[in-house]
Amino acid sequence: MALELVDIHKHFGRVRANDGVTLRVEAGELHGLLGENGAGKSTLMKVLSGFHEAGSGEISLDGELLALRSPRDAIEAGIGMLHQDPLVFLPFTVLDNFMLGSGTNDRGIAAEGLDELSDRFGFSFDHDTPVRRLTVGERQQLEIARLLWLGARVLILDEPTTGISASQREQLFATLKTLAAEGMIVVFVSHKLEEIEDLCDRVTVMRLGKVVGETRLPVPAEQLVEMMFGKIIAPTGRAGSSTGSTTLRLDDVVLGSGLLNTDATSLGVSEGEIIGLAGLEGSGQRLLLEACTGLLEPESGSIALGDKDMTGLAYRSYHEAGVHYLPAGRLEEGLVSGLTITEHFVLAAGASDFFVDWDAAADRAAALIEEFSIKGTPDSTAESLSGGNQQRLLLAMMPPHIRLLLMEHPTRGLDIESADWVWTQLLERRDHGTAVVFASADLDELLLYSDRILVFFAGRVIKELDARQTDGDQLGHLIGGRSVA
Amino acid sequence: MNDRMRRIGLAVLPIVLAAAVAVLLLLAVDAPPLRSFNLVWNGSLGTTNKLADTLLTWVPLVLAAAGLIITFAAGLWNIGIEGQIVIGAILATWVAREVPGEAYFIIPATLLAGMIGGIIWGLLAGVLRVYGKVNEIFGGLGLDFVATGLAVYLIIGPWQRAGVASTSGTDLFRAEVWMPEVGGFSWLALTIAVIAVIAVFFLMRGTAFGLKLKAVGANNRSAFLLGIPTDRYMLAAFALCGALAGLAGTVQATAFHHKLVPSISGGYGFLGILVVLLAAFRTAWIAPIALFFMALSVGSTQLSLRLGLDSAIGGVLQGVLVLFALLAGGVQAKRHLGKRRVAGATLVES
């Protein structure tokens, strides 16, 4: 038995989330799907589980062509998907959740089914416990049991290890190995190199919507890193490092969100210095950026801008002190859908007057559109612009004097021309004394533009590197969580 | 041009459909359609007297709708507007009963009191939303019940008519408090409504305040990152809407009923939500749409008086029209959904 996807295309507007993906998964081996966030893994799996309909392409299971228009079709075809957040109903009991979607109302039969599956995999459930009281790991187990009971022959797991404990992870992996050994098709989706290496027999790597390689495991980690991030050609060593006074100073800052806590981090950033934050998505980079802009209050430690202690102050204070934050989500955390370019410039300028001189504002917008070569008119709305032009607009909206610029993925999704342009702008700011801290998944970018690189792994800065003395291999290793001498 | 024609077509289509259904409905209850339409017209806008009546009911509706334009712009469903109208009416009533003075003093005083009442009630919903994280729909709905309860308590309790505790309302206000009329037209109320609509129109279209409010409503997170104090703007939206709702309550009390009654809001708050939705959040459209609603509502009483139809027929006609307009809007939205979904999905992916 084998699952085959042939030439799957799925576009969202201009974004080619899946651009001709072909993938074959044999029964009996654990197949990993590896790639950075945004590589198109989740889209592919959503196509496979009927959640999205593919633009074109064919899916077949055991030689039989499938038409998947809804998750129900997928389940009926024997394809079960375990979502990152298990799809359980929290107030319902274990047994109720188990029975959902099965079409049977016989609690006795369902209870037997659940017990049988639980015995097989060493799960233990109390049928009448509300699922709310289960841990995320237990909810996953329940979901796996449910999918198997529904007759799944293919099991897809989308980033299943987020939010579960180490022992639950072990148990999950053991279950998956058993299932694969029993002849089931198991696809394990992850951006975590180590897990794929631990668990899978074979891995397919995706990047920018395409399959870039497939190999049997084990292989040397560098090979996977190279597939994930592309061939690293960054020249090492670059001009211009700074000796200015300190702009930002973090002392033993401990940060925490619901999912991730960071270890105590200390960092000093000088005027005109560029710091790159490397690491797999969600390793703590965003927490650090949010702390530096007042959006996340540190649990302990102190933050200072220049000589001024900013610990505990709100975003507005940071904003007024010359800190500018540009998160990755350009349309969610930066621009406002529905508002025009002119309106964005008016908002960005602070708009202190009650009445706006709209003619003057439109003239100013036209001038800035020209200066920043944005493809659009003063009346274009933010969401009608392409990603590159949205980024240009965001940069054009920045106030003239910024002390500290914090950015997430400055060039993600941009073509080369736009990406170069963005960095020309950023370097110009740098030359005028702005300190830049940016997170990126692009190793070239990190090596080419940073003075120093902080490598994050699981909430910890595991290494601080001088970008001039670092090469792509070393960085790739560190990102994967391996320490290199 | 072609696009424009299509847009006009899409706007007219539901009206044609609704008119067709209205004709069928009237035929079904054995009412001659043309005569019925004529009766509605004459009973609402056709004669000076009726026009004055219709316009007086139009005022509170249009005030409520104007206020809701502001809260909707900020992304808020101000369901609490009914309560804001009621509290406005209660405070205006208190001034009318307790404060002595001539008309030139007492009328502005009641208006001011009404606005303050509405602002307080609006801000309460706002504070619950902004600081208590209580969804404004639930908070507002709760506050509506409290306000109505308070009105009923005052009417059968402290403000009961001499000798009788009845829910029919308080004693009539003294004549100085009544809003002035000329030839049956309550000119002051009308002026207030017209000024309110124009003010809201320019507030939302031309000012930095309106722009920031729109940004807060369309994307709270982006607005916050742009340095807009989003909490304050949401509170301001509640306060402004409350003020206009309070004015509506005052008009209801001092120009229409001339006393406080339990159902003082007249349902104009909820109806105002419908008007704003039908106007697709455009200020310029609320005045004619509100007028149409009120004309149908006032005029259809003639159908029961003259043709012996059930008095519910006006409401049914209103409902049919609203459904068709919303349906047309829904169809349009569905066409655009493809595009929007694309935008949404792009975000998820990146």
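Only a predicted model underlies this, so the values are computations on that prediction, with no experimental measurement involved. (Residues numbered from 1 in each chain as written. Chains lettered and ligands numbered in written order. Predicted model: local features only at pLDDT ≥ 70, side-chain atom pairs only at ≥ 80, totals over all residues. Heavy atoms only, no water.)

**Things to note about the overall build of chain B**
Right, on to step 1. Scanning chain B from terminus to terminus reveals 14 helices and zero strands.
Right, on to step 2. Each helix and strand of chain B, ordered N terminal to C terminal, gives the series α-α-α-α-α-α-α-α-α-α-α-α-α-α.
Right, on to step 3. The globule rule puts the C-alpha radius of gyration for 350 residues at 20 Å, and the 22 Å found for chain B is close to it.
Right, on to step 4. Expressed along its principal axes, the backbone C-alpha trace of chain B runs to roughly 70 × 55 × 30 Å.
Right, on to step 5. With 350 residues in all, chain B has 49% of them scored as buried.
Right, on to step 6. By sequence separation, contacts in chain B at least 24 residues apart represent 75% of the contacts at least 6 residues apart.
Right, on to step 7. The positive charge centre, built from 23 side chains, and the negative charge centre, built from 14, are 14 Å apart in chain B. (Helix = DSSP H or I, 4+ residues; strand = E, 2+ residues; numbered from the N terminus. Rg over C-alpha atoms; globule rule 2.2 N^0.38 Å. Buried < 20%, exposed > 50% of the residue type's maximum accessible area, 1.4 Å probe, protein only. Contact = heavy atoms within 4.5 Å. Lys, Arg positive; Asp, Glu negative; His and termini not counted. Charge placed at Lys NZ, Arg CZ, Asp CG, Glu CD.)

**Let's talk about the pairing of strand β11 (residues 246–254) of chain A**
Right, on to step 1. In terms of strand pairing, β11(A) meets strand β12 (residues 265–270) of chain A through five bridges, oriented antiparallel. Pairing of A:V253 across the sheet is with A:T265, part of β12(A). (Pairing = 2+ DSSP bridges.)

**Let's talk about unusual backbone geometry**
Right, on to step 1. For the peptide bond that leads from A:L217 to A:P218, omega is 0°, which places it in the cis range.
Right, on to step 2. Take A:P218: it is sitting in the loop between β10 (210–216) and α8 (221–229).
Right, on to step 3. Unusually for a residue other than glycine, A:D62 sits at a positive phi of about 60°.
Right, on to step 4. Secondary-structure assignment places A:D62 in the loop between β4 (56–61) and β5 (64–66).
Right, on to step 5. Under the relative-accessibility criterion, A:D62 is labelled partly exposed at 46%.
Right, on to step 6. Unlike most non-glycine residues, B:H258 shows phi in positive territory, near 60°.
Right, on to step 7. You can see B:H258 is positioned in the loop between α10 (230–257) and α11 (268–278).

**A short note on the sheet that holds strand β14 (residues 300–305) of chain A**
Right, on to step 1. As summarised here, the arrangement of the four strands in space is β12-β11-β14-β15 (chain A), forming an open sheet in which the pairing is antiparallel. Lying at the two open borders of the sheet, with one neighbouring strand each, are β12 and β15 (308–309) of chain A.

**Observations regarding the pairing of strand β6 (residues 79–82) of chain A**
Residues and elements named next belong to chain A.
Right, on to step 1. Residues I79 and M81 point to one face of β6 and G80 and L82 to the other, with burial holding for every one of them.
Right, on to step 2. Inspection of the sheet shows β6 paired to strand β7 (residues 154–158) by four bridges, in the parallel sense. For L82, the partnering residue across the bridge sits in β7 and is L157.

**Let's talk about the interface of chain A and chain B**
Right, on to step 1. Tallying the contact residues gives 35 residues for chain A and 27 residues for chain B.
Right, on to step 2. Across the chain A/chain B interface, buried area totals approximately 2700 Å², and carbon plus sulfur atoms make up 66% of it.
Right, on to step 3. Looking only at chain A, the three residues that lose the most surface to chain B are A:R316, A:E332 and A:L347, adding up to 20% of its buried area.
Right, on to step 4. Viewed at the interface, chain B and chain A are joined by three salt bridges.
Right, on to step 5. Viewed at the interface, chain B and chain A are joined by 13 residue pairs in polar contact (both at pLDDT 80 or more).
Right, on to step 6. The leading source of residues in the side of chain A that touches chain B is helix α11 (residues 341–348) of chain A, at four residues.
Right, on to step 7. Residue classes in the side of chain A that touches chain B are distributed as 20 nonpolar, seven polar and eight charged. (Buried area = accessible area lost by both parts, 1.4 Å probe. Salt bridge = Lys/Arg side-chain N within 4 Å of Asp/Glu carboxyl O. Polar contact = N/O pair within 3.5 Å; in protein donor to acceptor, adjacent residues only side chain to side chain. Nonpolar A, V, L, I, M, F, W, Y, C, P; charged D, E, K, R; others polar.)

**Thoughts on the environment of A:G322**
Residue and element names in this part refer to chain A.
Right, on to step 1. Tracing the sequence through the fold places G322 in the loop between α10 (315–320) and β16 (323–326).
Right, on to step 2. Overall, the relative accessible area of 14% leaves G322 in the buried class.
Right, on to step 3. Measuring from C-alpha to C-alpha, the distance between G322 and N389 comes to 24 Å, with 67 residues separating the pair along the chain.
Right, on to step 4. Discounting chain neighbours no more than four positions away, the residues touching G322 are I402, R403 and L404.

**Here we look at the nonpolar core**
Right, on to step 1. Counting 186 residues, the largest nonpolar core has A:L176, A:L475, B:W58, B:L63 and B:I286 as its most contacted members.
Right, on to step 2. Tallying contributions element by element places helix α3 (residues 48–73) of chain B first for this core, with 15 residues.
Right, on to step 3. Ignoring anything within four residues of it in the chain, the contact list for A:L176 reads A:L30, A:L155, A:L157, A:V186, A:F188 and A:L199.
Right, on to step 4. Listed in part, the 30 residues of the second largest apolar core include A:L289, A:Y325, A:L404 and A:L406. (Core = buried A, V, L, I, M, F, W, Y, C linked by side-chain atoms within 4.5 Å.)

**Describing the side chain of B:Q84**
All names here are of chain B.
Right, on to step 1. Within the element layout of this structure, Q84 appears in helix α4 (residues 81–98).
Right, on to step 2. Polar side-chain contacts of Q84 include one of 3.0 Å to the side chain of N78.
Right, on to step 3. Setting aside its immediate chain neighbours within four residues, Q84 contacts N78, G118, W121, G122, C241, G242, A245 and G246.

**Observations regarding the side chain of A:H31**
Residues and elements named next belong to chain A.
Right, on to step 1. Tracing the backbone through its elements, the reader meets H31 in strand β3 (residues 30–34).
Right, on to step 2. Within the structure, the side chain of H31 is placed 2.7 Å from the side chain of T204, a separation counted as a polar contact.
Right, on to step 3. Filtering out sequence-adjacent residues up to four positions away, H31 remains in contact with L23, R24, V25, V186, V187, F188, C200, R202, V203, T204 and E214.

**Comments concerning a negative patch on the surface**
Right, on to step 1. Taken together, the side chains of A:D106, A:E112, A:D115, A:E116 and A:D119 make up a negatively charged region of the molecular surface.
Right, on to step 2. Locating A:E116 in the fold gives a position in helix α4 (residues 107–121). (Patch = residues over 30% accessible without salt bridge, like charges linked within 9 Å, V, L, I, M, F, W, Y side chains within 5 Å. Areas by Shrake-Rupley, 256 points an atom, 1.4 Å probe, with all protein chains shown as cover.)

**A word on the pattern of salt bridges**
Residue and element names in this part refer to chain A.
Right, on to step 1. The full count for this structure, using the stated rule, is 30 salt bridges over all chains.
Right, on to step 2. A salt bridge links R169 to D198; its shortest N-O distance comes to 3.9 Å. Of this pair, R169 sits in helix α6 (residues 166–181) while D198 sits in helix α7 (residues 193–199), placing them 29 residues apart in sequence.
Right, on to step 3. For D198, a relative accessible area of 47% corresponds to the partly exposed category.
Right, on to step 4. A salt bridge links E214 to R202, with the nearest nitrogen and oxygen atoms 3.0 Å apart. A residue pair is termed long-range when its members are at least 10 positions apart, and E214 in strand β10 and R202 in strand β9 (residues 202–207) qualify at 12 residues.

**Some thoughts on the confidence of the model for chain B**
All names here are of chain B.
Right, on to step 1. Per-chain confidence: chain B averages 88 in pLDDT, with 94% of residues scoring 70 or above.
Right, on to step 2. Taken element by element, the predicted model of chain B shows its lowest mean pLDDT in helix α14 (residues 313–349) (64) and its highest in α4 (97).
Right, on to step 3. Note that residues 338–350 has pLDDT below 50 and, in this model, 13 contacts with residues that lie over four places away or in other chains. (pLDDT = per-residue confidence, 0-100.)

**So, the sheet that holds strand β8 (residues 185–190) of chain A**
Strand pairing in a sheet relies on backbone hydrogen bonds, with the paired strands running either antiparallel or parallel.
All names here are of chain A.
Right, on to step 1. Reading across the sheet, the six strands line up as β6-β7-β8-β3-β9-β10 and stay open at both edges, with mixed pairing between neighbours. The open sheet terminates on both sides in strands that have one partner only, identified here as β6 and β10. With direction set aside, neighbouring strand axes in the sheet form an average angle of 20°.
Right, on to step 2. Relative to β8, β7 runs parallel, the two sharing five bridges. Residue pairing across strands places I156 opposite V187, the latter belonging to β8.
Right, on to step 3. Most of the contacts of α6 go to β8, to which it runs at about 145°, and overall it touches β3, β7 and β8.
Right, on to step 4. Lying on the sheet, α8 is in contact with β3, β9 and β10; it crosses β9 at an angle near 30°. (Axes fitted to C-alpha atoms, helices over the stretch in contact; angles between N-to-C directions.)

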